Amino acid sequence: MSQRARTRPEGSGRALSEAYDTALLDLDGVVYAGGNAIAHAVESLATAREGGMHLAYVTNNALRTPDAVAEHLTELGIPTGAEDVITSAQAVARLISEQVPAGARVLVIGGEGLRVALRERGLEPVESADDDPAAVVQGFGGPDLPWGRFAEASYAVARGVPWFASNTDLTIPSGRGIAPGNGAAVEVVRIATGAEPQVAGKPLPPMHRETILRTGAERPLVVGDRLDTDIEGAFNGEVDSLLVLTGVTDGPQLLAAPPQHRPTYVDADLRGMLTGQPEVTEAGEGFRCGGWTAKAGRERLELDGDGEALDGLRALCAAAWTAAGEGVCELDAGKALARLGL
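What counts, and where the lines are drawn
Residues numbered from 1 in each chain as written. Predicted model: local features only at pLDDT ≥ 70, side-chain atom pairs only at ≥ 80, totals over all residues. Heavy atoms only, no water. 1 Å grid on protein atoms, 1.4 Å probe; cavity = no way out; pocket = protein on both sides within 12 Å on 5 of 7 lines; lining within 4 Å. Points joined across faces, edges and corners; volume = space filled by probe spheres on them. Helix = DSSP H or I, 4+ residues; strand = E, 2+ residues; numbered from the N terminus. Buried < 20%, exposed > 50% of the residue type's maximum accessible area, 1.4 Å probe, protein only. Polar contact = N/O pair within 3.5 Å; in protein donor to acceptor, adjacent residues only side chain to side chain. Contact = heavy atoms within 4.5 Å. Pairing = 2+ DSSP bridges. Axes fitted to C-alpha atoms, helices over the stretch in contact; angles between N-to-C directions. Phe/Tyr/Trp six-rings, centres within 6.5 Å; stacked < 30°, edge-to-face > 60°. Right-handed = clockwise from strand over helix to strand, strands pointing away. Nonpolar A, V, L, I, M, F, W, Y, C, P; charged D, E, K, R; others polar.

A. Representation of the layout of surface pockets. In this structure, the largest pocket occupies an estimated 520 Å³ of space. Taken together, 27 residues make up the lining of the largest pocket; nearest its centre are F140, G142, P143, I172 and P180. Elements with a minimum of two residues in the lining of the largest pocket: α3 (66–75), β10 (171–174), β11 (177–180) and α7 (182–193).

Structural data, given as structure tokens:
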């Protein structure tokens, strides 16, 4: 089915780890949260790797270097080399290097991950708007990034220096809940200057290009927890995706997803990589998956049957996405989701 015509999650008769050669895995909310491994992640990734699937970790978080990310994953029990980590810092550094002279100075608002990526491209990180930078780059700097760094970016951007952002995720999952992400910090500079940055990270093409260049993936599967970055990035790259429900996205958001935010597959966690995916079929005026049948009524989504909650969610997705395509944009899904415990 075309990426642009998806009205239901797809099925797969083969385990996803066998059907695709490379998993392009998001980190926060997929592999770990707050630094700790998410349930079933370590075991699932080990099984997929042992079966021959290449695992690559693709993150919009520009704070840490690939070496630091790989070390953290290895400590969690997921053996990883720096070459298996692709960050938005790398993507934005390549984007900048294509627009400024070799060796140019770049004002950095963010962490060590940005500095390392810029040096890899032959660029010189600087700290002040008065250092005559050829560009400004902004990436997630963590909770301790001083407020004055946003002012430094604003001074340079207001003078007409080209502005780049690693990504614009408004939030980031943590062990304590959802925290402000780099997109919130970008808004600070946007408000101060009225300017718009060039953005490299998911869901935009520079990140997909960086990922394919570094992994050489031929049949990639994007695995993520966010509709507006991971799944939209897969949509823009015209590759398949698996949404796992261990991070940001919840049931109501999934059912309300516009076409560019609809994943190919939906599962609870990374164990979904190791199995086939059930088919969602038409059933009268509705859709059936497992023991559940869902359809769009006049004002709400209706759910009947029994069985695995995820099958019910997949059937509800088909009903909601089809109804949205027919002009029904707002349906009450609360009762149906509550029945599934979602």
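Here the narrative resumes.
B. Spatial organisation of the side chain of T249. With respect to the helices, strands and loops of the structure, T249 is situated in the loop between β14 (240–244) and α10 (251–255). For T249, a relative accessible area of 6% puts it in the buried group. Looking at T249, its side chain comes within polar contact range of the main-chain oxygen of D225, at 2.7 Å. Excluding residues within four positions of it along the chain, T249 makes contact with D225, R226, L227, L243 and L254.

C. Molecular detail of the sheet that holds strand β13 (residues 220–224). Taking strand neighbours across the sheet as the criterion, the six strands line up as β5-β4-β1-β13-β14-β15 in an open arrangement whose pairing is parallel. The sheet terminates laterally at β5 (85–87) and β15 (265–267), the two strands that pair on one side only. Strand-to-strand twist of the sheet, defined as the mean angle between neighbouring strand axes without regard to direction, takes the value 25°. Summarising the sheet, strand β4 (residues 54–59) and β5 pair through three bridges and their orientation is parallel. Bridging across to β5, V58 finds its partner in I86. On top of the sheet, helix α8 (residues 205–215) reaches β1 (22–25), β4, β5 and β13; it is set at about 160° to β5, its chief contact.

D. Focus on the packing of aromatic side chains. Enumeration over the complete set of coordinates arrives at two aromatic pairs. Centroid distance Y20 to Y265: 6.3 Å. Interplanar angle 75°. Geometry classified as edge-to-face. Of the two residues, Y20 is situated in the loop between α1 (16–19) and β1 and Y265 in strand β15; the sequence distance between them amounts to 245 residues. Of the two residues, Y20 and Y265, both sit in the buried class. Judged by centre distance (5.3 Å) and plane angle (85°), the ring pair of W147 and F150 falls under edge-to-face. In this structure W147 comes out as exposed when scored by relative accessible area, which is 61%.

E. Expanded view of the pairing of β13. The element β13 is extensively covered by neighbouring structure, given that five of its five residues are classed as buried. Neither face of β13 is left uncovered, since the one carrying P220, V222 and G224 and the one carrying L221 and V223 both have all their residues buried. The pairing of β1 with β13 spans four bridges and is classified as parallel. Paired with L25 across the bridge in β13 is V223. One ladder, built from four bridges, connects β13 with β14; its direction is parallel. If you follow V223 over to β14, its bridge partner there is L242. In this region the chain leaves β13, passes through helix α9 (residues 227–237) and returns to the parallel neighbour β14; the handedness of that crossover is right-handed.

F. Here's a closer look at the environment of A153. Among the structural elements, A153 can be located in helix α6 (residues 148–158). On the basis of relative accessibility, which here comes to 0%, the residue A153 falls in the buried class.

G. The arrangement of empty space enclosed by the protein in detail. Evaluation of the coordinates by the stated rule reveals two cavities of 30 Å³ or more. In this model, the largest cavity occupies a volume close to 170 Å³. As for the largest cavity, its lining consists of 18 residues, of which D28, N60, D169, T171 and I172 are closest to the centre. Mapped onto the lining of the largest cavity, the elements with two or more residues apiece are β10 and α9. It is β10 that provides the largest number of residues to the lining of the largest cavity, a total of three residues. Considered class by class, the residues forming the lining of the largest cavity number three nonpolar, eight polar and seven charged. If you go around the second largest cavity, you meet 14 residues; those closest to its centre are V58, K202, H208, T211 and V222. Elements with a contribution of two residues or more to the lining of the second largest cavity: β1, α8 and α9. Looking at the lining of the second largest cavity residue by residue, the classes come out as eight nonpolar, three polar and three charged.

H. How the structure looks around the sheet that holds strand β12 (residues 198–199). Reading across the sheet, the five strands line up as β7-β6-β8-β9-β12 and stay open at both edges, with parallel pairing between neighbours. For this open sheet the edge positions go to β7 (124–126) and β12, each flanked by a neighbour on one side alone. Relative to strand β8 (residues 135–138), strand β6 (residues 105–109) is paired through four bridges, and the arrangement is parallel. From the neighbouring strand, V106 faces β8, where its bridge partner is A135. Contacts between helix α4 (residues 88–97) and the sheet are confined to β6, β8, β9 (163–165) and β12, with β9 contributing the most and set at about 155° to the helix.

Keep in mind these numbers describe shape, not what the thing actually does.
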